[in-house]
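# Examining the three-dimensional arrangement
Chain by chain, the residues run as shown.
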Amino acid sequence: MPYTHCIIACVNQDFRDQLRKAGLRATKPRLAVLEELQMHPHASADVVRRAVTERLGAVSTQAIYDVLHTLTDKGLLHSVEPAGSVALYELSSNDNHHHLVCRNCAKVVDIPCAIGEAPCFSPDDDHGFLIDEAEVIFWGICPECAAQ
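In this text, all values refer to a predicted model and were calculated from it rather than measured experimentally.

### Looking at the nonpolar core
Across soluble globular proteins, nonpolar side chains show a tendency to be buried alongside one another. If you look at the biggest cluster of nonpolar residues, it comprises 21 residues, and the most contacted ones within it are Val33, Leu37, Val48, Leu68, Leu71 and Leu77. Put simply, the parts of the chain that give this core at least two residues each are helix H1 (2-21), helix H2 (28-39), helix H3 (45-56) and helix H4 (61-73). Among the elements that take part in this core, H2 stands out by supplying five residues, more than any other. Contacts of Leu71, omitting those with residues within four sequence positions, involve Leu19, Leu24, Arg30, Val33, Leu34, Leu76 and Leu77.

Right, dumping it as structure tokens:
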């Protein structure tokens, strides 16, 4: 148990440091949201809310949405919005990865940048923009759904 406790404490301290570097207080709801998304990436706000409520007790839905929006605005979280789906959240990794989504079960999988370094793709005409990121969502059928 001491080893497990150390891992949790170390992760918790890392999140505390990230929050402080972003100019935020390390509140219990913020820490719980970060910990939940570390364990379950690509979670919806409702999934995060249920998990955080289990950890902390009563936390309002609005408080969870506020935390998710604040952490996304500060760059600690990334929001993925596949067409026809609610926003899904994951910890920011600053690696410009992309996503693969199953059309049947909506499973989401991270995939590395398709080619080279960020932004991985370049438009024919950048209209003068300095492009630093490309967000691509690949769609298909996961192996579990294909086997059914």
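That was the structure; now back to the text.
### A few points about the environment of Asp95
Mapping Asp95 onto the fold places it in the loop between strand E3 (88-91) and strand E4 (98-102). When the C-alpha atoms of Asp95 and Pro112 are compared, they prove to be 7.9 Å apart, with 17 residues separating the residues in sequence.

### Quick word on the sheet that holds E4
Read across the sheet, three strands follow the order E5-E4-E6 without closing on themselves; strand pairing throughout is mixed. Each edge of the open sheet carries a strand with a single partner, namely strand E5 (108-111) and strand E6 (137-140). On average, adjacent strands in this sheet sit at an angle of 25 degrees to one another, irrespective of strand direction. Judged from the four bridges that link them, E4 and E5 form a sheet pairing that is antiparallel. When the sheet's bridge partners are listed, His99 is paired in E5 with Asp110.

### Some details on the confidence of the model for the protein chain
Of the residues in the protein chain, 86% reach a pLDDT of 70 or more, and the chain-wide mean stands at 86. A low-confidence stretch, residues 1-10 stays under pLDDT 50, and its non-local contacts, those more than four residues away or across chains, total zero contacts.

### Structural notes on the layout of surface pockets
For the largest pocket, the calculated volume is near 250 Å³. In this structure, the largest pocket is lined by 16 residues; those nearest its centre are His78, Asn94, Asp95, Asn96 and Glu133. For the lining of the largest pocket, the secondary-structure elements that each account for two or more residues are strand E2 (77-80) and E3. Across the lining of the largest pocket, the residue classes break down as three nonpolar, nine polar and four charged.

Analysis parameters
- Residues numbered from 1 in each chain as written.
- Predicted model: local features only at pLDDT ≥ 70, side-chain atom pairs only at ≥ 80, totals over all residues.
- Heavy atoms only, no water.
- Core = buried A, V, L, I, M, F, W, Y, C linked by side-chain atoms within 4.5 Å.
- Buried < 20%, exposed > 50% of the residue type's maximum accessible area, 1.4 Å probe, protein only.
- Helix = DSSP H or I, 4+ residues; strand = E, 2+ residues; numbered from the N terminus.
- Contact = heavy atoms within 4.5 Å.
- Pairing = 2+ DSSP bridges.
- Axes fitted to C-alpha atoms, helices over the stretch in contact; angles between N-to-C directions.
- pLDDT = per-residue confidence, 0-100.
- 1 Å grid on protein atoms, 1.4 Å probe; cavity = no way out; pocket = protein on both sides within 12 Å on 5 of 7 lines; lining within 4 Å.
- Points joined across faces, edges and corners; volume = space filled by probe spheres on them.
- Nonpolar A, V, L, I, M, F, W, Y, C, P; charged D, E, K, R; others polar.

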